[in-house]
Amino acid sequence: MKIFHSIKDFSTTKKTILTLGTFDGVHIGHQKILEKLIDNTINEKYESMVLTFFPHPRMVLQEKSEIKLLNTIEEKIQLLETIGIQNLVIHPFDALFSQLTAEEFVQTVLVDQFDIHKIIIGHDHRFGRNRTANIDDLIGFGEKYGFEVEQISVQEINDLSVSSTKIRKAILEGNMPLANEYLGYDYFLSGIIFKGKQLGRTIGFPTANLKIKEDYKLIPLNGVYVVKSTINQKTVFGMMNIGFNPTVSGEQLSIEIHFFDFDADLYDQKITVSILTYMRPEQKFDSVALLTEQLEKDKSTAIRYLHQL
């Protein structure tokens, strides 16, 4: 997959068939659109292209927006590449870009820069300054500038009944099975392992402390989860705690993973942790001994869950 970090950087010798949007989560609804895009470029006469934006438009246009995203840019690239997209343009979204009228966007971007043959888009897509243009306007521009518009029908979208907003809500409520069903894959966190206080090692539950550099990444509800990861080409399972470690007077949010039947130095390595299910909320125990006892119960619960998969 070719990646371009600005609309102006893009160039191709073929006409393009494209779709555009924020694609946060690259969930099953997005995947339906992307599959149509790929199906349209099988004969190699055209190239598939996704236009997305960063920062998320809500971060720019809504002064007090605190939106957290399902994917970092790096994760979104990884997901789109796996699907088989040929070209990805990640355009910097700013106030100036948001002022383009619908027709200016169509003419200067879609037609002049991308040499568009067809656009595949959801029925409810709105675009241009203040998002005033709709699918009917786009069809009109297609007739004027010579490109096709294929819309994803209301029925197709409603059949899926999925949105990034619904997925965020499920994750913040700890409902990982629902979130994962909507995503079409297990929600994951990616980060670097760093050295923590190493308390877990002293009680028989060594943990890998995960640091996520992107502060806009959505972190699930505090609590204990069953997780899996691929380390050195091997799938390993474990349990993860998200929270403040109240039993030992923790003050900062931490993400700690205890892997089962695994012993290796992971410091400074980047790993991805997929979250399977939520087990319980974070608790404060009266002693480290009681905490250890609960961790043993958690491990048994997690292993029973994994045996049922």
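Up top you'll find the structure we're talking about.
Just so you know, these numbers come straight off a predicted model, no measurement behind them.

Draft legend 1. Geometry of the overall build of the protein chain. Within the protein chain, the secondary structure is distributed over 11 helices and 12 strands. When the 309 residues of the protein chain are sorted by exposure, 46% land in the buried category. For the protein chain, the proportion of contacts with a sequence separation of at least 24, taken over those separated by at least 6, is 74%. Counting every atom, the protein chain has about 16000 Å² of accessible surface; 49% of that belongs to carbon and sulfur.

Draft legend 2. Geometry of the packing of aromatic side chains. Inspection of the entire model under this criterion finds 11 aromatic pairs. Note on F4 and F10: the rings are 5.1 Å apart at their centroids and 80° apart in plane angle, and the pair reads as edge-to-face. Consider the rings of Y185 and F188, whose centres lie 5.9 Å apart with planes at 45°: the pair is tilted. Overall, Y185 belongs to the buried group, its relative accessible area being 17%. In this structure an aromatic cluster arises from ring pairing among F53, F93, F97, F105 and F127.

Draft legend 3. Quick peek at the pairing of strand β11 (residues 254-259). With 6 of its 6 residues buried, β11 lies for the most part within the structure. Of the two faces of β11, the one holding S254, E256 and H258 and the one holding I255, I257 and F259 are both buried throughout. Across 2 bridges, the pairing between strand β8 (residues 208-211) and β11 is antiparallel. Its bridge partner lying in β11, A208 is registered against I257. Note that strand β10 (residues 234-243) and β11 share 6 bridges and pair antiparallel. Its bridge partner being in β11, M239 is matched across the sheet by H258.

Draft legend 4. Structural context of helix α6 (residues 135-145). Those residues of α6 lying buried are I135, L138, F141 and G142. Along the long axis of α6, the arc covered by the buried residues comes to 115°, so they all point the same way. The exposed residues of α6 that point more than 90 degrees off its buried face are D136, E143 and K144. Buried-residue contacts for α6 involve α5 (102-111), β5 (116-122) and β6 (148-152). The N-capping residue of α6, defined by a side-chain oxygen 3.0 Å from the backbone nitrogen of D136, is N134. A positive backbone phi angle near 85° is found at G146, which sits one or two residues after α6.

About the thresholds
- Residues numbered from 1 in each chain as written.
- Predicted model: local features only at pLDDT ≥ 70, side-chain atom pairs only at ≥ 80, totals over all residues.
- Heavy atoms only, no water.
- Helix = DSSP H or I, 4+ residues; strand = E, 2+ residues; numbered from the N terminus.
- Buried < 20%, exposed > 50% of the residue type's maximum accessible area, 1.4 Å probe, protein only.
- Contact = heavy atoms within 4.5 Å.
- Areas by Shrake-Rupley, 256 points an atom, 1.4 Å probe, with all protein chains shown as cover.
- Phe/Tyr/Trp six-rings, centres within 6.5 Å; stacked < 30°, edge-to-face > 60°.
- Pairing = 2+ DSSP bridges.
- Arc of directions from axis to C-beta.
- Polar contact = N/O pair within 3.5 Å; in protein donor to acceptor, adjacent residues only side chain to side chain.

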